[in-house]
Amino acid sequence: MNKLMKIVGGSLAVLAAGVGIAAGAAVVLSERKMNRVVDVPIASVNFASFNPNLERGEYLFQTRGCTECHGTRGEGKVVIDDPSGGLFIASPNITRGGGGAAARYSDTDWVALLRHGLKPGRVPAFVMPSEDYAQMADEDVAALVTYIRSMPPSAERKTEMRIPLLVKALYVAGIAQDASEKIDHTKPAPTRVPVDTHAQGEYIAKTCVGCHGQGFSGGPIPGAPPVWPAAANLTSASDSAMTTRYGSIEQFRQMMRSGKRADGTSIGVMPFESLRGMSDTELDALFGFLKTLQPKTSGTR
């Protein structure tokens, strides 16, 4: 019996040591990956040449998800607090007078962040939905950034990111990705916002790809807390949300403005704080575009 206990004890010790080594490797390798330099060409955008419209910039800030993560005044806020999984994200203050890093961003720094998911020094942003902004037109980038720079300074607050060991391991394995890994850096963004209604709908839909996928067929949201529900399929598949729930523009508008389905049930995870501010013109264009999507199997993104 003593011999058996020694064998079992020795095996457990070896296992514990292996787990410790693996955990240590995940920490070291994830830190190395987060601090790598991503060498991609950053196209220069002359913001001033677009004569940025502050009203348009404010509209974009309010309707494109910025308030969801950075607060209505750009002051920063707790974005994710998942005690069960250990993931905690408190976003930075992005007002120019707030004292945070964004206050010192150049035009090129903003383009790098929004289009490529890269912070100054060209290191990746870990939690930033840059894939949703990568195809934002130059004139909209100029308007948005100009508005952010015009915002009154908010009191600086602590930016904090606590990433659990499991997420770090998934990140090293390439299953969880940082912002820069989700973007096709070779695809040029448009200069101007499209005028054609269908093209405008497609343009607006680009801000949905982070959750609903490049093919808009939904599925588990990459990097999201495990308690979050899967994103809905927005194609014309027979079981998609657009087919089963939103056959009319009135139903679609009601959902986007209220955060509730037609039966009154609440939708778990959607940036309705922003979406409810979208104009009828944009919602109609978005609805029209989504209704033209060919069916795709739900969850294939």
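This one's a predicted model, so the numbers in the text were calculated from it and none came from an experiment.

## Examining empty space enclosed by the protein
Logical step 1: Taken as a whole, this structure holds two cavities of 30 Å³ or more when the rule is applied.
Logical step 2: In this structure, the largest cavity occupies an estimated 60 Å³ of space.
Logical step 3: Looking at side-chain class alone, the lining of the largest cavity contains five nonpolar, two polar and four charged residues.
Logical step 4: Each pocket or cavity is described by its volume, and for the second largest cavity that value is around 30 Å³.
Logical step 5: Contributing to the lining of the second largest cavity are I94, R96, A102, A103, W110, I148 and R149.

## So, the packing of helix 2 (residues 54–63) against helix 5 (residues 138–150)
Logical step 1: Relative to each other, helix 2 and helix 5 sit at 90°, their axes nearing to 7 Å. As summarised for this structure, helix 2 and helix 5 are arranged roughly perpendicular, according to the angle between their axes. Across the interface between the two elements, L54, R56, G57, E58, L60 and F61 of helix 2 pack against D140, A143, L144, T146, Y147, I148 and S150 of helix 5.
Logical step 2: Looking at the contact of helix 2 with helix 5 residue by residue, the class counts come to seven nonpolar, three polar and three charged.

## Remarks on the sheet that holds strand 2 (residues 87–90)
Neighbouring strands of a sheet are bound in pairs by backbone hydrogen bonds; such pairs are parallel or else antiparallel.
Logical step 1: In spatial order, the strands read 1-2-5; together these three strands make up an open sheet with antiparallel pairing. If you trace the sheet from one side to the other, it starts and ends with strand 1 (78–82) and strand 5 (160–162), each paired once. Across the sheet, the axes of successive neighbouring strands diverge by a mean angle of 15°, strand direction being ignored.
Logical step 2: By the bridge criterion, four bridges tie strand 1 to strand 2 in an arrangement that is antiparallel. Residue pairing across strands places D82 opposite L87, the latter belonging to strand 2.

## A short note on the nonpolar core
Logical step 1: Residues F47, F61, W110, L114, M128 and L144 are the most contacted members of the largest nonpolar core, which totals 28 residues.
Logical step 2: Broken down by secondary-structure element, the contributors of at least two residues to this core are helix 2, helix 4 (107–116) and helix 5.
Logical step 3: Counting residues per element, this core draws most heavily on helix 5, which supplies six residues.
Logical step 4: With sequence-adjacent residues up to four places away left out, M128 is seen in contact with L113, L114, Y133 and A179.

## Regarding the confidence of the model for the chain
Logical step 1: Per-residue pLDDT for the chain averages 89, and the proportion of residues at 70 or more is 91%.
Logical step 2: Per-residue pLDDT stays below 50 along residues 8–19; that stretch engages in zero contacts with residues further than four places along the chain or on separate chains.

## What about the environment of Y147?
Logical step 1: Mapped onto the elements of the fold, Y147 is located in helix 5.
Logical step 2: When the C-alpha positions of Y147 and H185 are compared, they lie 25 Å apart, and in sequence the two are 38 residues distant.
Logical step 3: Excluding residues within four positions of it along the chain, Y147 makes contact with L54, G57, E58 and F61.

## Focus: the layout of surface pockets
Logical step 1: Of the voids in this model, the second largest pocket is the one considered here, and its volume is about 800 Å³.
Logical step 2: Breaking the lining of the second largest pocket down by element, the ones donating at least two residues are helix 3 (66–70), strand 2, helix 4, strand 4 (123–124), helix 5 and strand 5.

## Section: helix 2
Logical step 1: Within the sequence span of helix 2, burial applies to G57, Y59, L60, F61 and T63.
Logical step 2: Tucked into the core, helix 2 has its buried residues touching helix 3, helix 5, helix 11 (272–275) and helix 12 (280–290).
Logical step 3: The backbone nitrogen of E55 lies 2.8 Å from a side-chain oxygen of the residue at the head of helix 2, namely N53.
Logical step 4: Directly beyond the C-terminal end of helix 2, a positive phi value near 95° is found at G65.

## Looking at the pairing of strand 2
Logical step 1: Here strand 2 shows a buried face lined by L87 and I89 and a second buried face lined by F88 and A90.
Logical step 2: The turn linking strand 1 back onto strand 2 is made up of four residues, and G86 within it adopts a positive phi angle of 90°.

## Structural notes on the side chain of E282
Logical step 1: Structurally, the position occupied by E282 is in helix 12.
Logical step 2: On the basis of relative accessibility, which here comes to 7%, the residue E282 falls in the buried class.
Logical step 3: Within the structure, the side chain of E282 is placed 2.9 Å from the side chain of R64, a separation counted as a polar contact.
Logical step 4: Setting aside residues no more than four positions away along its own chain, E282 makes contact with R56, Y59, R64 and I204.

## Focus: the packing of helix 7 (residues 197–205) against helix 12
For any two helices packed against each other, one specifies the inter-axial angle together with the distance between the axes.
Logical step 1: Between helix 7 and helix 12, whose axes approach to 7 Å, the crossing angle comes to 90°. Relative to helix 12, helix 7 is oriented roughly perpendicular. Of helix 12, the residues touching helix 7 (which contributes T197, H198, Q200, G201, E202, I204 and A205) are T281, E282, A285, L286 and F289.
Logical step 2: Per-class residue counts for the contact of helix 7 with helix 12 are five nonpolar, five polar and two charged.

Reading the values: rules and limits
Residues numbered from 1 in each chain as written. Predicted model: local features only at pLDDT ≥ 70, side-chain atom pairs only at ≥ 80, totals over all residues. Heavy atoms only, no water. 1 Å grid on protein atoms, 1.4 Å probe; cavity = no way out; pocket = protein on both sides within 12 Å on 5 of 7 lines; lining within 4 Å. Points joined across faces, edges and corners; volume = space filled by probe spheres on them. Nonpolar A, V, L, I, M, F, W, Y, C, P; charged D, E, K, R; others polar. Axes fitted to C-alpha atoms, helices over the stretch in contact; angles between N-to-C directions. Helix = DSSP H or I, 4+ residues; strand = E, 2+ residues; numbered from the N terminus. Parallel < 35°, antiparallel > 145°, perpendicular 65-115°, else oblique. Contact = heavy atoms within 4.5 Å. Pairing = 2+ DSSP bridges. Core = buried A, V, L, I, M, F, W, Y, C linked by side-chain atoms within 4.5 Å. Buried < 20%, exposed > 50% of the residue type's maximum accessible area, 1.4 Å probe, protein only. pLDDT = per-residue confidence, 0-100. Polar contact = N/O pair within 3.5 Å; in protein donor to acceptor, adjacent residues only side chain to side chain.

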